[in-house]
Amino acid sequence: MSLGPVMVDIAGTELDATERERLAHPRVGGVILFARNFVDPDQLAALVAEIHAVRDPHLLVAVDQEGGRVQRFRDGFTLLPAPRRYGELFDRDPERARQLAYDGAWVMARELRSVGVDFSFAPVLDLDHGVSGVIGDRALHADPAVVEELGLTFVHGMRAAGMAAVGKHYPGHGGIAADSHHEVPEDPRPLEALRDRDLRPFIHLAGNGLAAVMPAHVIYPEVDCLPAGFSRFWLQTMLREWLGFQGLIFSDDLAMAGAAVAGRPLERARAARAAGCDVILHCNDTAGADAILEGLESADDPLAHVRLARMHGRRGVERGELARDPDWRSAVQRLAALAEDPTGDLALEGGGPA
């Protein structure tokens, strides 16, 4: 059985019978976890193993583990710097910033892989325009050239730890104050302005190892009347054809207010699929998820199946093995030094993991 095109959530720290039945549905392809699903690393490893055991090939398990304020798993995991910290350090010491961004991505991915989680929705490639509260310090920098460089470093760090990277929120959520979790944002800039700034990190990474992209629930009315995640122009003409992107396209959570323009949950899922999303993400709305699973038409897309399979994590290690790894300990020390000292001067010098 191949993986399906829908990613759902679960309620607690273990599966109940109803959730096992839902995850066995042929249209399910993965599960996204939240802080409510986490107690400690041992419990998390058991939960992920339970999810993986539902299907063969196993369902993808994902999380938002960016660092800073968006880190779902904390106790027993390294507390990661907010992405902006790497950008701030880059302004003073680019080489050290690259090293620490690599460390942060590698440690994040290696720790998640040690409990079986397949991937994190990272890195954030939005620019910090200084106006978006929902993006804010989740952005690496305001300068697209810096985001290009540190974003690519982040992708390399994740890949070295056996994890595929997901760039978000294409084509850029950082230029507006409105939060797509609660409203339908509109960015009035023309395509040329977006191409000169916000699109640049996505252009740079599209052919440089980025495995997947998540579009924003943002309308760019000078370009299209639909949010990017429902727009064939943004997903097909720009991302697939102009950028030449061959990876997976995840929708952002279709339960968010920014997706409401497309109608009810099933209508949103159909619209996202029609626009070009390979995987539909729908969270915190069990009734809506069930409606999508029962009503979404099957689509036999061999290329989408290949893209999905590439999101499975690789080269996982046991937690005990991770704790004995001197490269991991050294990288954690450098990240702790960055957290303690905003200048990065306390961060240990020297090479990171191979």
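In this text the structure is predicted, and so the values were computed from the model without any measurement.

Undergrad: Quick question: what am I supposed to make of the overall build of the chain here?
TA: Looking only at helices and strands, one finds 13 helices and 10 strands in the chain. By principal-axis analysis of the C-alpha atoms, the chain measures approximately 55 × 50 × 35 Å. Counting every position in the chain, which comprises 354 residues, the buried fraction comes to 59%. Pairs at least 24 apart in sequence give 77% of the contacts found in the chain among residues at least 6 apart. Approximately 13,300 Å² of the chain is accessible, and the part contributed by carbon and sulfur atoms is 51%. Across the chain, 36 positive and 53 negative side-chain charges occur, with their mean positions spaced 3 Å apart.

Undergrad: Just to check I follow, could you spell out helix H13 (residues 326-340) for this structure?
TA: Every α-helical turn comprises 3.6 residues, leaving residues that sit three or four positions apart pointing alike. If you check H13, its first and last C-alpha atoms are 21 Å apart, about what 15 residues at 1.5 Å a residue would give, namely 21 Å. Among the residues making up H13, those that are buried are Trp328, Ala331, Val332, Arg334, Leu335, Ala337 and Leu338. Its buried side turned inward, H13 meets helix H3 (83-92), helix H4 (94-114) and helix H12 (319-323). The backbone nitrogen of Asp327 lies 2.9 Å from a side-chain oxygen of the residue at the head of H13, namely Asp325.

Undergrad: Looking at this structure, how should I read the sheet that holds strand S8 (residues 212-215)?
TA: Hydrogen bonds between backbone groups are what pair the strands of a sheet, and the pairing can be parallel or antiparallel. Here 3 strands make up an open sheet; going across it, the order is S7-S8-S9 and the pairing parallel. Each end of this open sheet is capped by a strand with a single partner; those strands are strand S7 (166-170) and strand S9 (248-249). Here S8 runs beside S9; their pairing, made up of 2 bridges, is parallel. Bridging across to S9, Val213 finds its partner in Ile249. Sheet contacts for helix H8 (residues 232-242): S7, S8 and S9; angle to S7, the most-contacted strand, approximately 130 degrees.

Undergrad: What am I meant to see in the packing of aromatic side chains here?
TA: Each aromatic ring pair is summarised here by two numbers: the centre-to-centre distance and the angle between the ring planes. With the rule as written, the count across this model stands at 10 aromatic pairs. For the ring pair Tyr170 and Phe202, a centre distance of 5.5 Å and an interplane angle of 80 degrees mean the geometry is edge-to-face. Here Phe202 lies in helix H7 (residues 200-206) and Tyr170 lies in strand S7, a separation of 32 residues in the sequence. Residue classification places Tyr170 among the buried residues on the basis of a relative accessible area of 0%.

Conventions adopted
Residues numbered from 1 in each chain as written. Predicted model: local features only at pLDDT ≥ 70, side-chain atom pairs only at ≥ 80, totals over all residues. Heavy atoms only, no water. Helix = DSSP H or I, 4+ residues; strand = E, 2+ residues; numbered from the N terminus. Buried < 20%, exposed > 50% of the residue type's maximum accessible area, 1.4 Å probe, protein only. Contact = heavy atoms within 4.5 Å. Areas by Shrake-Rupley, 256 points an atom, 1.4 Å probe, with all protein chains shown as cover. Lys, Arg positive; Asp, Glu negative; His and termini not counted. Charge placed at Lys NZ, Arg CZ, Asp CG, Glu CD. Expected span 1.5 Å × (residues − 1). Polar contact = N/O pair within 3.5 Å; in protein donor to acceptor, adjacent residues only side chain to side chain. Pairing = 2+ DSSP bridges. Axes fitted to C-alpha atoms, helices over the stretch in contact; angles between N-to-C directions. Phe/Tyr/Trp six-rings, centres within 6.5 Å; stacked < 30°, edge-to-face > 60°.

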